[in-house]
Amino acid sequence: MASHLPNRIGPYAVERVLDHGGSSAVLLGRHRRLDRAVAVKLRVRGRSGDEAVLSERFRLGAILQADLDHPNIARVFDYIESDAHQALVLEFLGGGSVEDALQHGPMRIPDAVTVAVHAALALEHGHGRGVVHRDIKPGNLMFADREKPAEVRVNDYG
């Protein structure tokens, strides 16, 4: 997928790949006029028979997450579609994920408790609006700043 990445997505310049999975890539982008760093989850459209279903699932995930206004849920700034791709533009969380943090050893117990409590508050917020996460895991718990565990954000409601 990396060789097929655009240099621009709407008003966002693509700087580099942050992560990639089977159906999407997460890119570091920058709004060209506001000079704001963002994370762009890019899904390249395919030609499979499931394309309509996959496209609609991605779009609905974007709408769901955008509607969840909570300090512990990653903020959605934009959603862009073209014939070639779909892009969900989120706040850039440069502190990495809980999964990344655990690669360096176990978290301190007070930090782990703080992360768990704030992630639970975010999930409770979603549940109160009828939204179930379906894929909660350390890789979907992101930090704006790893030194501030209370600022953990739940991500990837798709």
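Residues numbered from 1 in each chain as written. Predicted model: local features only at pLDDT ≥ 70, side-chain atom pairs only at ≥ 80, totals over all residues. Heavy atoms only, no water.

*Asks:* Just checking my understanding: could you explain the overall build of the chain for this structure?
*Replies:* If you tally the helices and strands in the chain, you get three helices and eight strands. Ordered by position from the N terminus, the helices and strands of the chain form the series β-β-β-β-α-β-β-α-α-β-β. For a compact globule of 158 residues, the expected C-alpha radius of gyration is about 15 Å, and the chain comes in at 16 Å, within 12% of that figure. In terms of overall dimensions, the chain has C-alpha extents of about 45 × 35 × 30 Å along its principal axes. Put simply, the chain has 158 residues, and 37% of those count as buried. Of the contacts formed within the chain by residues at least 6 apart in sequence, a portion of 53% connects residues at least 24 apart. If you sum the accessible surface of the chain, you get close to 9,200 Å²; carbon and sulfur atoms cover 51% of it. Considering the chain, the positive charge centre built from 20 side chains and the negative charge centre built from 21 side chains are found 4 Å apart. (Helix = DSSP H or I, 4+ residues; strand = E, 2+ residues; numbered from the N terminus. Rg over C-alpha atoms; globule rule 2.2 N^0.38 Å. Buried < 20%, exposed > 50% of the residue type's maximum accessible area, 1.4 Å probe, protein only. Contact = heavy atoms within 4.5 Å. Areas by Shrake-Rupley, 256 points an atom, 1.4 Å probe, with all protein chains shown as cover. Lys, Arg positive; Asp, Glu negative; His and termini not counted. Charge placed at Lys NZ, Arg CZ, Asp CG, Glu CD.)

*Asks:* What's the story with the sheet that holds strand β1 (residues 8-9) in this structure? I'm lost.
*Replies:* Either a parallel or an antiparallel arrangement is found when strands of a sheet pair, and the pairing is made through backbone hydrogen bonds. Strand order across the open sheet formed by six strands is β1-β2-β3-β4-β6-β5, with antiparallel pairing between neighbours. If you trace the sheet from one side to the other, it starts and ends with β1 and β5 (76-81), each paired once. The sheet contact formed by strand β2 (residues 12-20) and strand β3 (residues 25-31) spans seven bridges and is antiparallel. What sits directly across from Y12, in β3, is H31. (Pairing = 2+ DSSP bridges.)

*Asks:* Help me out: how do you make sense of helix α1 (residues 51-67) in this one?
*Replies:* Every α-helix carries 3.6 residues per turn, so stepping three or four residues along brings you back to the same face. Given a rise of 1.5 Å per residue, 17 residues ought to cover 24 Å, and the 24 Å separating the end C-alpha atoms of α1 matches this to within 8%. The complete set of buried residues in α1 reads E51, S55, F58, G61, A62 and Q65. Around the axis of α1, the buried residues are gathered within 125° of arc, so they sit on the same side. The outward face of α1, more than 90 degrees from its buried face, is lined by the exposed residues A52 and D67. (Expected span 1.5 Å × (residues − 1). Arc of directions from axis to C-beta.)

*Asks:* How should the pairing of strand β6 (residues 85-91) be read in this particular structure?
*Replies:* In the case of a regular strand, side chains alternate between the two sheet surfaces. Most of β6 is tucked away, with seven of its seven residues classed as buried. Alignment of strand β4 (residues 37-44) against β6, held across seven bridges, turns out to be antiparallel. Note on β6: the bridge partner recorded for L42 is A87. For β5 and β6, the ladder comprises five bridges, and the chain directions are antiparallel. Bridge pairing links V76 to L90 in β6. What sits between β5 and β6 in their antiparallel hairpin is a turn of three residues.

*Asks:* Please clarify how the pairing of β3 should be interpreted in this entry.
*Replies:* Across the seven residues of β3, five count as buried, placing the element largely inside the fold. Joining the antiparallel neighbours β2 and β3 is a turn of four residues. In textbook terms, the turn of a hairpin is the stretch between consecutive antiparallel strands, and for β3 and β4 this stretch comprises five residues, one of which, D35, has a positive phi near 55°.

Functional significance is not addressed by these values, which are geometric in nature.
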